[in-house]
Protein chains: 2
Amino acid sequence: MASLRLSPSLDALVDALAQLPGFGPRSAQRAAFHLLQDPKRLERLERALAGVRENVRRCKKCRVFCESELCPICSDETRDKSLLCVVESVADELALDASLAWPGLYFVLSGRLNPIDGIGPEEIGLTALVDRIEADVAAGILREVVVATSYTPEGDATAYYLIAAVKKRYPHLRITRLARGLPSGLEIEYTDLSTIAGAVYARRDA
Amino acid sequence: MASLRLSPSLDALVDALAQLPGFGPRSAQRAAFHLLQDPKRLERLERALAGVRENVRRCKKCRVFCESELCPICSDETRDKSLLCVVESVADELALDASLAWPGLYFVLSGRLNPIDGIGPEEIGLTALVDRIEADVAAGILREVVVATSYTPEGDATAYYLIAAVKKRYPHLRITRLARGLPSGLEIEYTDLSTIAGAVYARRDA
Ligand SMILES: [Zn+2]
Ligand SMILES: [Zn+2]
């Protein structure tokens, strides 16, 4: 990457921006120059980062990002508290909730199990989730846990671990995964083979 | 874009990131979540922005970003001070200098002339450039000005303005533009028609 070592501060900003997903060294440099073009832009981003650092925390119950002890979803009295959906990330929760298909609550894991990289149940919050399920079962409010992890090897491993842990402790609690199948609006020709295979195995009566 | 209005601070950060070139609302959200995943990332970017705000300024002579009155290029005694290259942006200067083809100095404009949007010679620094050329000519150190603006309508307009201004004042000063032609490593089939036409008109004896 072209760099004249014009300014160590500028280099540090380019390096920090280059760590963001979607940015490489080149686009990070372009973004840094864009910010430098106008001091107001720079200050706006700096203030926004400070605001997030000071105000944003994790919801005590579902671990989504929020600004109070409980997030707007967990404190929403119209939500069906007997349904718990387990997702891999805050982004997944936002996408699911935007689909308007889920009337229940959530629990956000920190990604997926990955034993090779030393990422176990404790690291992704599965232990905290099992504690929550235990408390909800004890309080008699839980009917179903939907494991909404992705259909990837790591997402599958995470789902299997959780399903096994729940079935062992609470054999009568309903535990499901999201349906696997063809995405809407995509021709079969352009769908990957593993998705097509999954849709064939999970075919249903019309 | 999926948003649960979980946190006004988080929304403000996503909005600020979405202003960066290369980012849209979706990638800005992904970047914000990535930063929130680890407080160290957030603080690193915040510190980097503060560092830039406090330390980076424009070189007094060429207007590139730097941390002292004169940038490393302008204070480099081995540079040929009789050659001045005028570029549209700091990024263009970095790219030109990385090519190792330019032994002289630079002057960075703030973009290109665009009368329709009210961007005139004053706004992009052409007036300051003409002042600098005047001083360099008076001091007897300037031999050639290369106008390295892009071959776009606005880049052409900027070049024509500058060339006319210089020729009127200093008819004996050499003023050039970068060669127009085929880029290296690209087949003609994939080159845009205006570039091909430019290369034909500027063809030279082999
Ligand atoms: Zn919550
Ligand atoms: Zn300079």
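The shown structure was predicted, so the numbers you read here are calculated from the model rather than taken from an experiment.

Some thoughts on the nonpolar core
Across soluble globular proteins, you tend to see nonpolar side chains buried next to one another.
Moving on, step 1. Counting 122 residues, the largest nonpolar core has Leu17 and Ile133 of chain A together with Leu17 and Ile133 of chain B as its most contacted members.
Moving on, step 2. Setting aside residues up to four positions removed in sequence, Leu17 of chain A forms contacts with Phe23, Ala28, Ala31, Ala32 and Leu35 of chain A together with Leu20 and Leu45 of chain B.

Thoughts on the coordination of the zinc ion (ligand 2)
All names here are of chain B.
Moving on, step 1. The protein atoms donating to the zinc ion (ligand 2) are Cys59 (SG), Cys62 (SG), Cys71 (SG) and Cys74 (SG), with metal-donor distances spanning 2.3 Å.
Moving on, step 2. Relative to the metal, the four donor atoms surrounding the zinc ion (ligand 2) lie at angles of 104 to 115°, and the coordination shape comes out tetrahedral.
Moving on, step 3. Within one chain, the residues serving as donors to the zinc ion (ligand 2) are arranged as C-x2-C-x8-C-x2-C. Of the two residues examined, Cys71 and Cys74, each falls in the buried class.

A closer look at the packing of helix H2 (residues 25-37) of chain A against helix H3 (residues 39-55) of chain A
Pairs of packed helices are described in terms of their axes, by the angle between the two and the distance that separates them.
Residue and element names in this part refer to chain A.
Moving on, step 1. The contact between H2 and H3 brings their axes to 4 Å, and the two run at 110°. For the element pair H2 / H3, the angle class is roughly perpendicular. In this structure, H2 uses His34, Leu35 and Gln37 to contact H3, whose residues at the interface are Pro39, Arg41, Leu42 and Leu45.
Moving on, step 2. Across the contact of H2 with H3, the residue classes break down as four nonpolar, two polar and one charged.

Quick look at a negative patch on the surface
Residue and element names in this part refer to chain A.
Moving on, step 1. Judged by side-chain charge, Glu122, Glu123, Asp131 and Glu134 come together as a negatively charged surface patch.
Moving on, step 2. Along the chain, Glu123 turns up in helix H5 (residues 121-124).
Moving on, step 3. With relative accessibility at 49%, the residue Glu123 sits in the partly exposed group.

Quick notes on the relation of the copies chain A and chain B
Moving on, step 1. Under the fitted operation, chain A is carried onto chain B by 0.0 Å of movement along the axis and a turn of 180°, and the coordinates agree to an RMSD of 0.1 Å. Both copies are brought into coincidence by an operation consistent with a two-fold rotation axis. Judged by C-alpha distance, Glu46 of chain A is the residue of chain A that lies nearest the rotation axis, at 2.8 Å.

Topic: the interface of chain A and chain B
Moving on, step 1. With 52 residues of chain A at the contact, the number on the chain B side is 52 residues.
Moving on, step 2. Each partner contributes to the roughly 4700 Å² buried at the junction of chain A and chain B, and carbon and sulfur atoms together form 76% of this total.
Moving on, step 3. Three residues stand out in chain A for area buried against chain B, namely Leu6, Leu49 and Phe65 of chain A, and they jointly supply 14% of the buried area on that side.
Moving on, step 4. Here chain A and chain B share two salt bridges between them.
Moving on, step 5. Of the charged contacts, one joins Arg53 of chain B and Glu46 of chain A as a salt bridge, the two residues approaching to 2.6 Å between their closest N and O atoms.
Moving on, step 6. At the junction of chain A and chain B, the tally comes to eight residue pairs in polar contact (both at pLDDT 80 or more).
Moving on, step 7. Elements with a minimum of two residues in the side of chain A that touches chain B: helix H1 (8-18), H2, H3, strand E2 (65-66) and helix H4 (90-98) of chain A.
Moving on, step 8. Counting residues per element, the side of chain A that touches chain B draws most heavily on H3 of chain A, which supplies 12 residues.

What counts, and where the lines are drawn
Here the residue numbering is sequential within each chain, running from 1 through the sequence in written order. Chain letters and ligand numbers both follow the written order, the letters beginning at A and the numbers at 1. The predicted origin of the model limits local features to residues at a pLDDT of at least 70 and limits the giving and counting of side-chain atom pairs to 80 or more, whereas totals for whole chains, interfaces and linings rest on all residues. Hydrogens and water molecules were not included; the side-chain quantities draw on all heavy atoms of the structure. Residue types Ala, Val, Leu, Ile, Met, Phe, Trp, Tyr and Cys, when buried and joined through side-chain atoms within 4.5 Å, form a set referred to as a nonpolar core. We call a residue buried when its accessible area falls under 20% of the maximum for its residue type, exposed when it is over 50%, and partly exposed in between, using a 1.4 Å probe and counting protein chains only. Residues count as neighbours in contact if any of their non-hydrogen atoms are within 4.5 Å of one another. Any N, O or S atom lying within 2.8 Å of the metal counts as a donor, and for Na, K and Ca the limit rises to 3.2 Å; water is left out, so some sites can look incomplete. All geometry calls rest on donor angles, where a four-donor set with angles between 85 and 135 degrees is tetrahedral, four- and six-donor sets with opposite donors more than 155 degrees apart and all others between 65 and 115 are square planar and octahedral, and all else is irregular. An axis is simply a line fitted to the C-alpha atoms; with a helix, the fit covers only the stretch in contact. Between two such axes, the angle follows the N-to-C directions and lies from 0 to 180 degrees. Under the DSSP-based scheme used, a helix requires at least four consecutive residues in state H or I and a strand at least two consecutive residues in state E, with every element numbered from the N terminus. Orientation labels follow simple angle bins: below 35 degrees gives roughly parallel, above 145 gives roughly antiparallel, 65 to 115 gives roughly perpendicular, and whatever is left gives oblique. Each residue receives one of three labels: charged for Asp, Glu, Lys and Arg, nonpolar for Ala, Val, Leu, Ile, Met, Phe, Trp, Tyr, Cys and Pro, and polar for the others, Gly being one of them. What goes into a patch is any residue over 30% in relative accessible area without a salt bridge, connected to like charges within 9 Å or, for nonpolar side chains (Val, Leu, Ile, Met, Phe, Trp, Tyr), within 5 Å. What sets the accessible areas is the Shrake-Rupley method with a 1.4 Å probe; for residues, cover comes only from the shown protein chains. Salt bridges are defined as contacts in which a side-chain nitrogen from Lys or Arg sits within 4 Å of a carboxyl oxygen from Asp or Glu. Positive charges come from Lys and Arg, negative ones from Asp and Glu, while His and the chain ends are left out of the count. Charge coordinates come from a single atom per side chain, which is NZ of Lys, CZ of Arg, CG of Asp or CD of Glu. Overlaid copies result from least-squares superposition on C-alpha atoms, with residues included only where pLDDT is at least 70 in both. Note: buried area is the sum, over both parts, of the accessible area (probe 1.4 Å) each one loses when the two are combined. For this analysis, a polar contact is any N or O atom pair within 3.5 Å, provided that within protein one partner can donate a hydrogen and the other can accept it, and provided that sequence-adjacent residues contribute only side-chain to side-chain pairs.

Nothing here speaks to function; it is all geometry.
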